[in-house]
Structure formats: structure tokens, C-alpha cells
Amino acid sequence: MAYSFVKNSNLVLLTILLLVLANTLALAKHAGITRHYKFNIQMQNMTRLCQTKSIVTVNGQFPGPRIIAREGDRLVIKVVNHVQYNITIHWHGVRQLRSGWADGPAYITQCPIQTGQSYVYNFTITGQRGTLFWHAHIFWLRVTLYGPIVILPKKDVAYPFPQPFKEIPILFGEWWKADTETIISKALQTGGAPNISDAYTINGLPGLFYNCSAKGTFKLKVKPGKTYLLRLVNAALNDELFFSIANHNLTVVEVDAVYIKPFKTNTILITPGQTTNVLLKTKHIHPNATFLMAARPYATGPAAFDNSTTTGILEYHEPSNNTKKSNKFPLLKPKLPIFNDTTFATSFVKKIRSLANAKFPANVPKKVDKHFFFTVGLGLSPCPKNQTCQGPNNTKLAASVNNISFVQPNVALLQSHFFNQSKGVYTTDFPINPPFKFNYTGNPPNNIFVTSGTKVVVLPFNTSVELVMQDTSIISAESHPLHLHGFNFFVVGQGFGNYNSSKDPANFNLVDPAERNTVGVPSGGWVVVRFLADNPGVWFMHCHLEVHTSWGLKMAWMVMDGKGPKQKLPPPPADLPKC
């Protein structure tokens, strides 16, 4: 009897040990690894549109190198600054859970990396998979400093859509012949609008429709009957874009590194700061044609914009028995919406819905702790004495959130907050509603001057937030792609005209709303987002049209530490740059 009991006990113990071992191995299989990258920021001569200029690059590449990781991996990226400009890099859309020191916006989470200095960005990709991107986050340097971040699912975890034959990042950008730092500094001095770009680019190349650019065209070579995953990134400075490929449908499967319910479309709308993954199914047999892929702007304001089209070529691999050369094939062009097609833009955005299933739930905050109402738009600021300004009636163009035009501090907000040294750096009295009510999308009030300041909103840890962002028609109504650092948010509602707090919430989607990090506030309309402030730190929120950010359309959320050890922001790394 005793022998049998011991034997059974050993058997139970062995079973437990085997289960523990199996569990450990399973965890090890899914445990992330550490991936190291080195970014040398250096000047490089590049020729586009028959003109050579020296641009700021990472490792001499334009666009910059691709970062590849799996969900759960840790990234350690050493950035060494060899150029005359101060530099920071932002890992756009990465949640940065308790790693706010690595987020990158200059004077928000860090002082910039000065010439000859370096900084190691160290963070873990948690609960995200898909396409994001990295870019400079200081001045207008992101015009050439950007590249894709490809986050693959954990090992042996499949995509929730057909496995593609091949994956191709496609990055949209803008190109100026002149020096962009000179352009924006001159515009900020004079108070006028900066010069528009000379071209858009696909993977750094302008394409066929620009003078002297036929050789500078991106080519995507495909095989018949295959599925390709195109990882689209809008890294343009100031323009939302329509994108299409002639005679091919695209299936949208992910936005901002969040899987969505797949839908077919022949045209994509993508704002600066947004990423979109699409499946491209090629034709079953060689079509004896080449196909143009093209992108051109969606523009809603009255300001001048670069009304040109960038192109790439979709080319089928020639079968060996085909005697016709591909340059003899007809070149088919896609039909893109007209530049101000808000009807198309609205219907496209409405199709984007979270998967909201057991494996990929949409954790929309159902209970709201704090409500905020932010007006976003343009305004004016007075011209300094003894100066002539190029804004309306000798004023300077400005932009604001709740009429506060954000003034960049000269030390980083996160350091000031962490070490309790806020005095003279920022105040915590950012208005949670517009300072005065008016007909936001009707005739503007008499006084359209903005006030300036470095103000933040303080949120206790784990606060659920509902934020209404209302476009204003001051100067003019315009679409604004708003980007929030440190969080994804759920887009629960949007519409045109003035937001109505008694009627509009009845139509909110709290079941499967889009989960994003960048959302277009509709021109002459509003959008409502919800998020949970579960990430301690200081988090920048700004318009991703770089000119509007330069004019002050930005603010910051300060999320306090929670009680638990995993709810607190750790101290800064030893090599955090100094101002």
C-alpha cells in the first residue's frame, strides 16, 4: 500500500515537472529576443529631379533602413549623430510601455542628441504586430529621416489572413529641391506659409510624371497568381494621400499595426503618420501589360499644396516563352479621386473596423472617467514690433488646441516631471474645454488670435479618457491627422458640423471601432476617441502635418505613476542626452 502511494506520488510529481517543462519551453518559444541596430546619422548626396543635394540620412540610406522584429522582441538602437543638426528619433506607433525615455520627440521625452553625441533607444514591442515606422522628431528633419518598422507575429503564429508570397514596404514621402530647414525657419520668421514640395516619392523615388525623373521610378516585380502584402507608410510631411494600382483591387487587412476586418477597395486614403497593410492578388496569367501605381494628395484647406502625382510601376515577371519585351506592353493608369473628394475619404474611413474577436479583442473603454473637448485648427498671432509679417493683415499664421499654441520648452518635459522640476518649464492648466464657445464650423469669432504656452493635461494612472476633437473654420476648415504618442485609441464616432454632446453619442461604435495611433479629424467636422491612460510618462499629441505642428498644433498628456511596481516609469538611462 505504502509502495503504491509513493509510486503514485512520484508519478504525479513527474507529471507536474513535465507540465512545467512543457510550459517553460512554450514560453521560451514565444519569448522575445533582443535585436541590435546602429543608426549613423550622416549627410549624403542624393540626386532627384536632375538636382543633387546633401540630405540627412541614416547609414547613408534614403529611405532609411528597415527595422524588423517580432512581437515581444526588445530593440536596442544606438543612434550616433555625425551631422550639424540636433537629432531625435521617434518610433512612431510603438506603445513604449514604461519606456517613455525612448519615445523620441525633442523636448518632450528627451533633449536632442547633439553633434558628435549618441543615445541608445531601448524598448520592447508589447502586444503589437504589423507595420509602423520610425522618423526624426525635431524640426523638419523627418523629410529624409524615416524608415519602416516591420513587426512580425510571434514565432509559429499565423496572420489572420492568407499568408502572402512576399512582403514589400511602400513608403510615401515628399521631396524639396531646396533645403527644408531653411524653408521652415524662414516661414516661422515671416509668419507666412512655407513653400510646398517639388514632388512626392514612392520609396524615395518621384516617378514618371516629374521632369527628369523617368529613371527615378520604383518598380515592383510580381509573379502571376500570387498574393503580396504591401506595407504602406505615409511619411510625407504635409499631405494626406490617395493611392491606387491600375486594374488591381487591394484588400485592407491592418492599420497602424492593428488587424482589421478585411475589405476590398481600389483606392487607399492614408494620412501622414498612418500605416496600412494591404493584400495585392496578382492576375492568374501574365497580362501583357504593365500597371502604374500612383499616389496624389487629398487636400481640404485653401492653402497651396503640391498637386502632383508620384508613380511606381507594377511589372509582371515575363514568362520564358514570351517574346514581347515588357517595355512594349501598354502602361495602364489608375483613376484616383479628385484632390478634395471628402465623400470618398469619409466612406473609406468608415469601412475600417477592428477584428474584435476572442483572439484580437477591441478593449474599448465602456465607462469614461474624464471627458475632454479640444478644438483643433488655425489662428493668428501678432507680428513682432518693427517687423513685417506675411500672414493676413500683417500677422503670423499660428495653430492651436483649445486656442493654446504650444510653446516648445528648452528642457524635456519628461525629465522636468520625473525630477519634480516643473517650475518655469510647464503648467498643468491646459483647458479641458475651449476657453469660449462659438460656432466652430460657421463664421469665425471676431478675435482669432491664439494664446501661447507650455501647458499639459495631468491624468491619474488608469484613467479612461473620451476626447472630442473638433475642427474649426477659423482661417479655414481643414482635415487634421492627429497623432497620439504612447497609446492606441479607439475611434468611436465622427461626423460633420459641430459635435452635439446630447445627440451624437447615441451613434458611437463601442463594439468594433478602429484602433489607431493617428486619426484624421474631418474638415469641418469632429472625431471622438477613447483610450485608457495605462502608460506612465509624458505623451505628445500633435497634428502630423508638419507645418501645423511647427505653428503650435500640439499638446502633451502627463500620465502619473500607478501604485504597483509595474505601473511606474523607471528612472532615465545614464546616456539620456542633456539640453
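Residues numbered from 1 in each chain as written. Predicted model: local features only at pLDDT ≥ 70, side-chain atom pairs only at ≥ 80, totals over all residues. Heavy atoms only, no water.

- Labelled according to an unreviewed UniProt entry, the protein chain appears under the name Laccase, originating from Nicotiana attenuata.
- Of the comments in the UniProt record for the protein chain, the one headed Subcellular location (unreviewed entry) reads "Secreted, Extracellular space, Apoplast".
- Quoted verbatim from the Catalytic activity (unreviewed entry) field of UniProt, the annotation for the protein chain is "4 hydroquinone + O2 = 4 benzosemiquinone + 2 H2O". (UniProt positions renumbered as here; feature names shortened; annotations may be inferred.)

## Description of empty space enclosed by the protein
Then comes step 1: Counted by the stated rule, this structure contains 2 cavities of 30 Å³ or more.
Then comes step 2: The calculated volume of the largest cavity comes to roughly 150 Å³.
Then comes step 3: Forming the boundary of the largest cavity are 17 residues, of which T375, S400, N403, F438 and I474 lie nearest the centre.
Then comes step 4: Here the lining of the largest cavity takes 5 residues from strand β21 (residues 370-382), the largest share from any one element.
Then comes step 5: In the lining of the largest cavity, the residues fall into 10 nonpolar, 7 polar and no charged.
Then comes step 6: A volume near 40 Å³ is recorded for the second largest cavity.
Then comes step 7: Along the walls of the second largest cavity sit R129, G130, I151, P153, Y159, F161, L229, R231, E254, Y259 and N277, which together make up its complete lining.
Then comes step 8: Per-class residue counts for the lining of the second largest cavity are 6 nonpolar, 2 polar and 3 charged.
Then comes step 9: Here the lining of the second largest cavity spans two domains, and each of domain 1 (29-159) and domain 2 (161-354) adds at least three residues to it. (1 Å grid on protein atoms, 1.4 Å probe; cavity = no way out; pocket = protein on both sides within 12 Å on 5 of 7 lines; lining within 4 Å. Points joined across faces, edges and corners; volume = space filled by probe spheres on them. Helix = DSSP H or I, 4+ residues; strand = E, 2+ residues; numbered from the N terminus. Nonpolar A, V, L, I, M, F, W, Y, C, P; charged D, E, K, R; others polar. Domains from an automatic or database assignment.)

## Thoughts on the nonpolar core
Then comes step 1: Within the largest apolar cluster, 57 residues are counted, with the highest numbers of intra-cluster contacts made by F374, L459, L467, M469, F531, M541 and W557.
Then comes step 2: When residues are assigned to domains, this core turns out to be shared by domain 2 (161-354) and domain 3 (370-559), each giving three or more.
Then comes step 3: If sequence neighbours within four positions are ignored, M541 has contacts with F374, L467, M469, L482, H483, L484, K554, M555 and W557.
Then comes step 4: Formed by 52 residues, the second largest nonpolar core is a distinct cluster that contains L49, I202, V252 and F344. (Core = buried A, V, L, I, M, F, W, Y, C linked by side-chain atoms within 4.5 Å. Buried < 20%, exposed > 50% of the residue type's maximum accessible area, 1.4 Å probe, protein only. Contact = heavy atoms within 4.5 Å.)

## Here's the deal with helix α3 (residues 342-350)
Then comes step 1: Among all positions in α3, only F344, A345, T346 and F348 are buried.
Then comes step 2: With a side-chain oxygen positioned 3.4 Å from the backbone nitrogen of T343, the residue opening α3 is D341. (Polar contact = N/O pair within 3.5 Å; in protein donor to acceptor, adjacent residues only side chain to side chain.)

## Some thoughts on the pattern of salt bridges
Then comes step 1: Per the stated rule, a full pass over the model turns up 13 salt bridges.
Then comes step 2: The salt bridge involving D256 is made with R516; its shortest N-O contact spans 3.2 Å. In this pair, D256 is assigned in the loop between β14 (250-255) and β15 (258-265) and R516 in strand β29 (residues 514-516), connecting sequence segments 260 residues apart.
Then comes step 3: Residue R516 is classed as buried on the basis of its relative accessible area of 6%.
Then comes step 4: The residue D512 makes a salt bridge to R353 at a minimum N-O spacing of 3.2 Å. Here the residue D512 occupies a position in the loop between β28 (489-496) and β29, and R353 occupies one in the loop between α3 and β21, the gap between them amounting to 159 residues.
Then comes step 5: Given a relative accessible area of 9%, D512 falls into the buried group.
Then comes step 6: By sharing partners, the salt bridges in this structure join K219, K221 and E315 into a single network. (Salt bridge = Lys/Arg side-chain N within 4 Å of Asp/Glu carboxyl O.)

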